[in-house]
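Observations on the three-dimensional arrangement
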Amino acid sequence: MQSDQLLLFERWQKSFINEKKVLNMSKSTIMNYSNILDKLYNYYSLHEEKVTFYEIDRDFIISFLESLGAIATNTKNLHITVIKNFFTFISTHNRESIDYRNRFLDLKAKAKKSEPEALSDVEYTILTKYLNTPIKPKSFIQYRNRLTLKLLLFTGIRASEVLAIKLADFLLLEEEGVYKIKILGKGNKERYVYIQTDTIEYELLYIQEYILNSPHDGKNSYINQTTKGRVMIRSELYTMIENLFRKLGIKKRGVHLLRHTFGKKMVQKNVNLSTIKELMGHENIQTTMIYARSDEGSMIRAVK
């Protein structure tokens, strides 16, 4: 026979799930909610003699999460979200004016910080050697792909940012020997990145001539367009880079590792972290700090 406390839990759970059904939540969402609350119910059934239902607090929920064993951070946070929603529902509807919300304030599992994957020195050499070889056959697609790769690798911009660059965004600073490039970053925030003129001039001039002589929109044209004048989409960019890496024998995947490679190279050159932060468009310098972690090679060079 169920105790009064377990009946109370069950009654609130049924009411909570019923509301989700009435609000037309998807079946999979409702199933996830039910499964998580069933696990919490089973755990509570082992402790209900010591803790009344309305006494469930942060420590109790943490002990419940610990009882789940080694689960992924995202899975743990899903449990926390469901539990928070459940007790917020109770806070809103119970007649005893019991408010759980402050009990679970800021309860969240933090993901373990992992070292960002970047190209190794050998892989970096292979890629840069490829980027410096003559283009054969000479075609717009070949020049476009080469320019895109150089921008990603040597400026650290994001995939979405490189796809948003137009011809008009390039400004030649002749005395400094660099191109100043306007970037539209996260949250539509503008910033500038810089790249040596001779690094991309060969490709950029070819693309500029091709686009300006095409029936498309000239200066307002995106550099990452197809031969039909359509802007490339992310999946096409990923496929292009994946195919190249496979051809070069680089087993790593993804566009973002080029950004990570840029960040690590900047740190190895002893560039100020604040400067790296601005170049990469980080909102917080703590994000930039992940590139400052010393690898074995850096430590060996330091003692030498």
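See above for the structure.
A short tour of the structure in this document, coming up. (Residues numbered from 1 in each chain as written. Predicted model: local features only at pLDDT ≥ 70, side-chain atom pairs only at ≥ 80, totals over all residues. Heavy atoms only, no water.)

Details of the overall build of the protein
Spelled out, the test is: Numbered from the N terminus, helices here are DSSP runs of H or I no shorter than four residues, and strands are runs of E no shorter than two. In this treatment the radius of gyration is a C-alpha quantity, and the globule benchmark scales as 2.2 Å times the residue count to the 0.38 power. Note on classification: 1.4 Å probe, protein chains only; a residue is buried when its accessible area is under 20% of the maximum for its type, exposed when over 50%, partly exposed between these limits. By the convention used here, residues are in contact when the closest approach between their heavy atoms is within 4.5 Å. With residues, only the protein chains shown are counted as cover, and all accessible areas are computed by Shrake-Rupley using a 1.4 Å probe. His is not counted, nor are the chain ends, whereas Lys and Arg count as positive and Asp and Glu as negative. Charge positions are represented by NZ for Lys, CZ for Arg, CG for Asp and CD for Glu.
Within the protein one finds 13 helices and 3 strands. Taken over C-alpha atoms, the radius of gyration comes to 27 Å for the protein, far larger than the 19 Å a tight globule of 304 residues would show. For the protein, the C-alpha atoms occupy an extent of roughly 80 × 55 × 35 Å along the three principal directions. By residue count, 41% of the 304 residues in the protein fall in the buried class. Of all intrachain contacts in the protein linking residues separated by at least 6 positions in sequence, the fraction that spans at least 24 positions is 61%. When the accessible surface of the protein is split by element, carbon and sulfur atoms take 51% of a total near 18,000 Å². Charge centroids of the protein, computed over 47 positive and 34 negative side chains, lie 5 Å from each other.

Quick look at the pattern of salt bridges
Stated formally: Should a side-chain nitrogen of Lys or Arg be within 4 Å of a carboxyl oxygen of Asp or Glu, the pair is scored as a salt bridge.
The final tally for this structure, using the stated rule, is 11 salt bridges. Here Glu-236 makes a salt bridge to Arg-230, at a shortest N to O gap of 3.0 Å. One connected set of salt bridges, linked through shared partners, spans Arg-158, Glu-161 and Arg-191.

Things to note about the packing of helix 5 (residues 121-131) against helix 6 (residues 140-155)
Let me state the cut-off plainly: The axes are straight lines fitted to the C-alpha atoms, using for helices just the contacting stretch, and the angles between their N-to-C directions are given from 0 to 180°. Roughly parallel covers angles under 35 degrees, roughly antiparallel covers those over 145, roughly perpendicular covers 65 to 115, and oblique covers all other angles. Note on convention: near helix rotated counterclockwise from far helix by under a right angle means a left-handed crossing. Clockwise means right-handed. When residues are grouped by polarity, Ala, Val, Leu, Ile, Met, Phe, Trp, Tyr, Cys and Pro land in nonpolar, Asp, Glu, Lys and Arg in charged, and all others, Gly among them, in polar.
Where helix 5 contacts helix 6, the two axes come as close as 11 Å, and the packing angle between them is 140 degrees. Between helix 5 and helix 6, the interaxial angle falls into the category oblique. Two packed elements cross with a definite hand, and for helix 5 against helix 6 that hand is left-handed. On helix 6, the residues touching Tyr-124, Leu-127, Thr-128, Tyr-130 and Leu-131 of helix 5 are Arg-146, Leu-149, Lys-150, Leu-153 and Phe-154. The class makeup of the residues in the contact of helix 5 with helix 6 is 7 nonpolar, 1 polar and 2 charged.

Some details on helix 1 (residues 4-22)
Since the α-helix packs 3.6 residues into each turn, any two residues three or four apart lie on the same face. Condition: By this rule, a helix spans an expected 1.5 Å times one less than how many residues it contains. The arc in question is the one traced by the directions running from the helix axis out to the C-beta atoms.
For helix 1, spanning 19 residues, the distance from its first C-alpha to its last is 27 Å, which sits close to the expected 27 Å at 1.5 Å a residue. When we look at burial in helix 1, the residues that qualify are Leu-6, Leu-8, Phe-9, Trp-12, Gln-13, Phe-16, Ile-17 and Lys-20. Axial view of helix 1: buried residues confined to an arc of 160 degrees, hence all on one face. Residues of helix 1 that are exposed and point more than 90 degrees away from the buried face comprise Asp-4, Arg-11, Lys-14, Lys-21 and Val-22. Contacts made by the buried residues of helix 1 are with helix 2 (27-45) and helix 4 (73-93). Remark: Asn-24 follows helix 1 within two positions and exhibits a positive phi of approximately 60 degrees.

Overview of the sheet that holds strand 2 (residues 178-184)
Rules: Following DSSP output, two strands are said to pair if at least two bridges run between them.
Read from one edge to the other, the open sheet built from 3 strands follows the order 1-2-3, with strand pairing classed as antiparallel. Looking along the sheet, the strands with just one partner apiece sit at the ends: strand 1 (170-173) and strand 3 (190-196). Ignoring which end each strand starts from, the neighbouring axes of this sheet average 30 degrees apart. Looking at chain direction, strand 2 and strand 3 are connected through 7 bridges and run antiparallel. Of the residues in strand 3, the one forming a bridge with Tyr-179 is Ile-195.

Describing unusual backbone geometry
Positioned with a positive phi, Asn-24 is a non-glycine residue whose angle comes to about 60 degrees. Among the secondary structure elements, Asn-24 is positioned in the loop between helix 1 and helix 2. Judged by its relative accessible area of 68%, Asn-24 falls in the exposed class. Of note in this structure, Asn-270 is not a glycine but carries a positive phi near 65 degrees.

A closer look at the nonpolar core
The criterion, for reference: In this text, buried Ala, Val, Leu, Ile, Met, Phe, Trp, Tyr and Cys residues form a nonpolar core when linked through side-chain atoms within 4.5 Å.
In this structure, Leu-127, Leu-151, Leu-237 and Leu-258 are the most contacted members of the largest nonpolar core, which totals 41 residues. Mapped onto this core, the elements with two or more residues apiece are helix 5, helix 6, helix 7 (159-163), strand 2, strand 3, helix 8 (197-212), helix 9 (234-248) and helix 10 (256-268). Counting residues per element, this core draws most heavily on helix 6, at 7 residues. Not counting residues up to four positions away in its chain, the partners in contact with Leu-237 are Thr-148, Leu-152, Ala-159, Val-162, Leu-163, Met-232 and Val-255. Residues Leu-37, Tyr-43, Val-82 and Ile-98 belong to the second largest nonpolar core, which totals 33 residues.

Read these as geometric descriptors, not functional statements.
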